Amino acid sequence: MNSLCRIPKKKDNLAWQVIDGQAVIMILDMNAPKDTDIEILNETASRIWELIDGENSTQKIITKITGEYDISLSDAKKDITFLLGRMVEKGIIEIV
């Protein structure tokens, strides 16, 4: 399956809120390393976080971001796939 067709989904063990355009994400896992229990995303990453709803594919998120921000399709694809990969590494999303 094309990786852009896959759907990012937030993990269940999180508490999060967007405050002043920045998503603050807390991992509610007692076994998580202490340096990874809170994530704060910038405005653009927070918008991507909001689009991760378990229904939007990676491609759909890329398309929405290119429509909302002044970014080329190729740059958005590169940046968003990198960000999603980092979110997977940090344990806050999975891609199904």
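Quick caveat, the model's predicted, so the values are computed rather than measured. (Residues numbered from 1 in each chain as written. Predicted model: local features only at pLDDT ≥ 70, side-chain atom pairs only at ≥ 80, totals over all residues. Heavy atoms only, no water.)

Undergrad: Summarise the sheet that holds strand β3 (residues 22–27); cite the residues concerned and give the values.
TA: Strands sit in the order β2-β3-β4 across an open sheet of 3 strands; the sheet is antiparallel. In this open sheet, the two edge strands, each paired with only one partner strand, are β2 (14–19) and β4 (38–40). Across the sheet, the mean angle separating the axes of adjacent strands is 15° when strand polarity is ignored. Where β3 and β4 come together, 3 bridges link them in antiparallel fashion. Following the sheet pairing, I25 is matched in β4 by E39. Each of β2 and β3 is contacted by helix α1 (residues 43–51), which is oriented at about 65° to β3, the strand it contacts most. (Pairing = 2+ DSSP bridges. Helix = DSSP H or I, 4+ residues; strand = E, 2+ residues; numbered from the N terminus. Axes fitted to C-alpha atoms, helices over the stretch in contact; angles between N-to-C directions. Contact = heavy atoms within 4.5 Å.)

Undergrad: Describe α1, with residues and values.
TA: Among all positions of α1, only A45, S46, I48, W49 and L51 are buried. Contact partners of the buried residues in α1: β1 (8–10), β2, β3, α2 (58–68), α3 (73–90) and β5 (93–95). Of the residues that open α1, the one with a side-chain oxygen 3.2 Å from the backbone nitrogen of T44 is N42. (Buried < 20%, exposed > 50% of the residue type's maximum accessible area, 1.4 Å probe, protein only. Polar contact = N/O pair within 3.5 Å; in protein donor to acceptor, adjacent residues only side chain to side chain.)

Undergrad: Tell me about α3, and please be specific about residues and values.
TA: With 18 residues, α3 should cover 26 Å at 1.5 Å per step; its first-to-last C-alpha distance of 25 Å lies within 8% of that length. What α3 keeps buried is the set A76, I80, L83, L84 and M87. The buried side chains of α3 occupy one side of the element, clustering within an arc of 100° when seen end-on. Pointing more than 90 degrees away from the buried face of α3 are the exposed residues S74, K78, F82 and E89. (Expected span 1.5 Å × (residues − 1). Arc of directions from axis to C-beta.)

Undergrad: An account of the packing of aromatic side chains is requested, with residue identities and associated values reported.
TA: According to the stated counting rule, one finds 1 aromatic pair in the structure shown. Between W16 and W49 the ring centres are 5.7 Å apart and the planes differ by 90°, which places this aromatic pair in the edge-to-face class. Here W16 is found in strand β2, whereas its partner W49 is found in helix α1, with 33 residues between them in sequence. You can call W49 buried: its relative accessible area is 0%. It is K10 that lies over the ring of W49; its NZ or CZ is 4.8 Å from the centre. (Phe/Tyr/Trp six-rings, centres within 6.5 Å; stacked < 30°, edge-to-face > 60°. Lys NZ or Arg CZ within 6 Å of the ring centre and 35° of its normal.)

Undergrad: Before we move on, could you go through the layout of surface pockets and cite the residues and values that matter?
TA: Looking at the largest pocket, its volume works out to about 160 Å³. Residue lining of the largest pocket: I40, L41, N42, T44, A45, I48, I65, Y69, I71, D79, I80 and L83, and that is the complete set. Counting only elements with at least two residues in the lining of the largest pocket, the list comes to α1 and α3. When the residues that make up the lining of the largest pocket are grouped by side-chain class, the tally is 9 nonpolar, 2 polar and 1 charged. (1 Å grid on protein atoms, 1.4 Å probe; cavity = no way out; pocket = protein on both sides within 12 Å on 5 of 7 lines; lining within 4 Å. Points joined across faces, edges and corners; volume = space filled by probe spheres on them. Nonpolar A, V, L, I, M, F, W, Y, C, P; charged D, E, K, R; others polar.)

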